[in-house]
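Chain and residue survey
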Amino acid sequence: EDQVTQSPEALRLQEGESSSLNCSYTVSGLRGLFWYRQDPGKGPEFLFTLYSAGEEKEKERLKATLTKKESFLHITAPKPEDSATYLCAVQAHYNDYKLSFGAGTTVTVRA
Amino acid sequence: GAGVSQSPSNKVTEKGKDVELRCDPISGHTALYWYRQRLGQGLEFLIYFQGNSAPDKSGLPSDRFSAERTGESVSTLTIQRTQQEDSAVYLCASSFRGRDYGYTFGSGTRLTVV
């Protein structure tokens, strides 16, 4: 069974204080690893897909990286508007439509 | 529409009553998914529809749960004889099968069973 574990559960940052979120996974044949952002009362919003170890993707202050066992979401010089819950999900080759999600990391950035 | 639309946004129901949740996917998206999000937990897969193929119902937690979709249009998720443990946010998503930008989610229906 595919498993996704995210840490920490919650992260409080001062504006400008860079940090990283961790997503550890086990899956039989990774097809893709997905990062989403979820704001309160909203559905998750797609950020990135990573496919192979060593791959990196960036969007504004966010950078996602991937190894064979985990992915990191780095937040550089965060702003209050980066406050959200960040979700990680994996998709396997044997089941190329289903996403298995972690419980998320809730990030709060204080001004 | 421009996004995935779900209704109602909130639903409070009494234990034992049936509820029906609706999802209107993005026009042209062939794949539609239902997920459940309980407080503090990851999203749980419920069901997947792809065009006219047989749906993958493997995530439905009990026979009280059912879902329908006609072609590539609206889907309804029905929960019969609701229980308190059914309280959660029910999220619908749609996508093009095989495209790699992930799903587009709706804002969800928050179901509270009292």
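In case you missed it, the structure is sitting above this.
Turning to the interface of chain A and chain B, a few remarks are in order. Chain A puts 19 residues into the contact, and the matching count from chain B is 21 residues. Interface of chain A and chain B: buried area, both sides summed, is about 1600 Å²; carbon and sulfur atoms make up 51% of it. Among the residues chain A hides against chain B, the three largest losses belong to A:Tyr97, A:Lys98 and A:Phe101. Together they make up 34% of the total. Counting across the interface, chain A meets chain B through zero salt bridges. Our enumeration of links across chain A and chain B arrives at seven residue pairs in polar contact (both at pLDDT 80 or more). Mapped by element, the contributors of at least two residues to the side of chain A that touches chain B are strand E4 (30-38), strand E5 (45-50) and strand E10 (95-101) of chain A.

A separate point is the state of the cysteines. For the structure shown, the criterion picks out two disulfides over all chains. With a sulfur-sulfur separation of 1.9 Å, A:Cys23 is cross-linked through a disulfide to A:Cys88. As the torsion about the S-S bond is roughly -65°, the A:Cys23-A:Cys88 disulfide counts as left-handed. Taken as a pair, A:Cys23 in strand E3 (residues 19-26) and A:Cys88 in strand E9 (residues 84-92) lie far apart in primary sequence, 65 residues in all. A sulfur-sulfur separation of 1.9 Å characterises the disulfide bridge that pairs B:Cys23 with B:Cys92. Where B:Cys23 bonds to B:Cys92 through sulfur, the torsion about that S-S bond is close to -65°, and the disulfide is left-handed. Residue B:Cys23 is located in strand E3 (residues 19-24), and its partner B:Cys92 is located in strand E8 (residues 88-95); the two are separated by 69 residues in the primary sequence. For the pair formed by B:Cys23 and B:Cys92, the shared burial category is buried.

On to the packing of aromatic side chains, then. For the structure shown, the criterion picks out 13 aromatic pairs over all chains. Aromatic side chains A:Tyr36 and A:Phe101 sit 5.8 Å apart centroid to centroid with 45° between the ring planes, which places their arrangement in the tilted category. With A:Tyr36 in strand E4 and A:Phe101 in strand E10, this residue pair connects regions lying 65 residues apart in the sequence. Here A:Phe101 falls in the buried class, since its relative accessible area comes to 9%. Ring pairs connect the aromatic residues A:Phe34, A:Tyr36, A:Phe46, A:Tyr97, A:Phe101, B:Tyr33, B:Tyr35, B:Phe45, B:Tyr48, B:Tyr103 and B:Phe105, which therefore count as one cluster.

Below, the discussion takes up the nonpolar core. The biggest cluster of nonpolar side chains holds 23 residues, and the ones touching the most others in it are A:Leu21, A:Leu33, A:Trp35, A:Leu73, A:Tyr86 and A:Val107. Elements with a contribution of two residues or more to this core: strand E2 (10-14), E3, E4, E5, strand E7 (62-66), strand E8 (70-75), E9 and strand E11 (105-110) of chain A. Looking at this core, the element that brings in the most residues is E9(A), giving four residues. Sequence-distant contacts of A:Leu73, that is, excluding residues within four places in its chain, are made with A:Ser19, A:Ser20, A:Leu21, A:Trp35, A:Phe48, A:Leu62, A:Lys63, A:Ala64 and A:Tyr86. If you look at the next biggest cluster of nonpolar residues, it comprises 20 residues, including B:Cys23, B:Trp34, B:Leu46 and B:Tyr90.

Quick notes on the rules
Residues numbered from 1 in each chain as written. Chains lettered and ligands numbered in written order. Predicted model: local features only at pLDDT ≥ 70, side-chain atom pairs only at ≥ 80, totals over all residues. Heavy atoms only, no water. Contact = heavy atoms within 4.5 Å. Buried area = accessible area lost by both parts, 1.4 Å probe. Salt bridge = Lys/Arg side-chain N within 4 Å of Asp/Glu carboxyl O. Polar contact = N/O pair within 3.5 Å; in protein donor to acceptor, adjacent residues only side chain to side chain. Helix = DSSP H or I, 4+ residues; strand = E, 2+ residues; numbered from the N terminus. Disulfide = S-S within 2.5 Å. Buried < 20%, exposed > 50% of the residue type's maximum accessible area, 1.4 Å probe, protein only. Phe/Tyr/Trp six-rings, centres within 6.5 Å; stacked < 30°, edge-to-face > 60°. Core = buried A, V, L, I, M, F, W, Y, C linked by side-chain atoms within 4.5 Å.

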